[in-house]
Amino acid sequence: MSLLSDPIRFRRLAAGACLIAAPIAYLAGVVTDPALRQGGGDTTGVYGRYLEQVSVSAAILHWSWVLLIPGIIGMIHLVRRRGVLLGHLAGGLALLGVVNFSALMLGDFFYSRLERSLPPVQGAALADEAFTDPGAVFGFQLPGFAGILGLFVLGLVLAYGRQAPWWSPFAMVVGIFGAPIFPIGTVVGGLLYLAGAGVIGLRIVRMSDAAWAGEGPPAQAQPSGNLARTR
């Protein structure tokens, strides 16, 4: 209970742990997705045949994006003195993006049920039609991809402020887009995502509470104007 009542330490450890857990959950969700695991080709009907696997995969992927939210907030917290405005804008964009990607995971459930209840081609076509609706495209899909751009820029801002290695934002983005390419991309991309996000997460976990709070050495007091004039 002492950890939960300590606002500085709890938020620091939660942010760092989530940056490590998010890519692990993402990789697990990709591996359990039956269509991605097929490694390309025509995947029509796959979701309908493996309802349970789709359910597990979609839920894990949803939580991989949810876990990234505290991590992004922690990354924003580390933006100090250098690139603050850009960091806030990029961080806000990243947060909006991962929320939208999390919502898109519901689509897997609809694909699986439609492909099971209808002829697979017809069910998949109906789900595709729903996802090409302008509301789905402009309200969810495009903001989601814009959020990945925001995450990349936020990582660059952290690197500029010497709070993260320069390669970490590149590793995160390449890993996110590479992991769904089974099997080589899954292994390489998963490791890159974990390395890029994990190195920032470990820095947050290992830093002192004072460093996390941004507490520097106290500035030396200057004599007041009245006192200076009397000398």
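Residues numbered from 1 in each chain as written. Predicted model: local features only at pLDDT ≥ 70, side-chain atom pairs only at ≥ 80, totals over all residues. Heavy atoms only, no water.

Enquirer: Can you break down the packing of aromatic side chains residue by residue, with the values?
Expert: As enumerated under the stated definition, the model contains eight aromatic pairs in all. When the ring of Tyr26 is compared with that of Tyr193, the centres are 5.6 Å apart and the planes differ by 80°; the resulting orientation is edge-to-face. Of this pair, Tyr26 sits in helix H1 (residues 7-31) while Tyr193 sits in helix H10 (residues 184-206), placing them 167 residues apart in sequence. Judged on exposure class, the residue Tyr26 and its partner Tyr193 are both buried. Here Trp166 and Phe170 contribute two aromatic rings whose centre-to-centre distance is 6.3 Å and whose plane-to-plane angle is 65°, an arrangement assigned as edge-to-face. Overall, the relative accessible area of 62% leaves Trp166 in the exposed class. For Phe170, a relative accessible area of 40% puts it in the partly exposed group. Ring pairs connect the aromatic residues Tyr26, Trp65, Phe101, Phe145, Phe177 and Tyr193, which therefore count as one cluster. Sitting over the face of the ring of Tyr160, Arg82 holds its NZ or CZ atom 4.2 Å from the ring centroid. (Phe/Tyr/Trp six-rings, centres within 6.5 Å; stacked < 30°, edge-to-face > 60°. Helix = DSSP H or I, 4+ residues; strand = E, 2+ residues; numbered from the N terminus. Buried < 20%, exposed > 50% of the residue type's maximum accessible area, 1.4 Å probe, protein only. Lys NZ or Arg CZ within 6 Å of the ring centre and 35° of its normal.)

Enquirer: Tell me about helix H8 (residues 134-160), and name the residues and values.
Expert: What sets the pattern is the α-helix's 3.6 residues per turn: residues three or four places apart point alike. In this model, H8 (27 residues) spans 37 Å end to end at C-alpha, consistent with the 39 Å of a helix rising 1.5 Å per residue. The sharpest bend along H8 comes to roughly 30°, located at Pro143. Taken together, the buried positions of H8 are occupied by Ala136, Gly144, Gly147, Ile148, Gly150, Leu151, Leu154, Gly155, Val157 and Leu158. Buried residues along H8 sit in contact with helix H4 (51-77), helix H5 (84-104), helix H7 (120-131), helix H9 (168-178) and H10. The N-terminus of H8 is capped by Asp133, whose side-chain oxygen sits 2.8 Å from the backbone nitrogen of Gly135. Arg162 sits one or two positions beyond H8 and adopts a positive phi of about 60°. (Expected span 1.5 Å × (residues − 1). Bend = angle between axes of the 7 residues up to and from the residue. Contact = heavy atoms within 4.5 Å. Polar contact = N/O pair within 3.5 Å; in protein donor to acceptor, adjacent residues only side chain to side chain.)

Enquirer: Before we move on, can you summarise the packing of H1 against H10 with the specific residues and values?
Expert: Closest axis-to-axis distance for the H1/H10 pair is 7 Å, and the angle between their directions is 170°. By the criterion of interaxial angle, the relationship of H1 to H10 is roughly antiparallel. (Axes fitted to C-alpha atoms, helices over the stretch in contact; angles between N-to-C directions. Parallel < 35°, antiparallel > 145°, perpendicular 65-115°, else oblique.)

Enquirer: Tell me about H9, and please be specific about residues and values.
Expert: Most of H9 sits inside the fold, with eight of its eleven residues counted as buried. Where H9 is concerned, the buried positions are Ser168, Pro169, Ala171, Met172, Val173, Gly175, Ile176 and Gly178. Contacts from the buried residues of H9 go to H1, H4, H8 and H10.

Enquirer: Tell me about the pattern of salt bridges, and please be specific about residues and values.
Expert: Enumeration according to the criterion identifies two salt bridges in this entry. Between Arg9 and Asp209 there is a salt bridge, with the nearest N and O atoms lying 2.9 Å from each other. In this pair, Arg9 sits in helix H1 while Asp209 sits in helix H11 (residues 209-213), placing the two residues 200 residues apart along the sequence. Owing to a relative accessible area of 18%, Asp209 belongs among the buried residues under this scheme. With a closest N to O distance of 2.9 Å, Arg12 and Asp209 form a salt bridge. Of this pair, Arg12 sits in helix H1 while Asp209 is found in helix H11, placing the two residues 197 residues apart along the sequence. Owing to a relative accessible area of 6%, Arg12 belongs among the buried residues under this scheme. One connected set of salt bridges, linked through shared partners, spans Arg9, Arg12 and Asp209. (Salt bridge = Lys/Arg side-chain N within 4 Å of Asp/Glu carboxyl O.)

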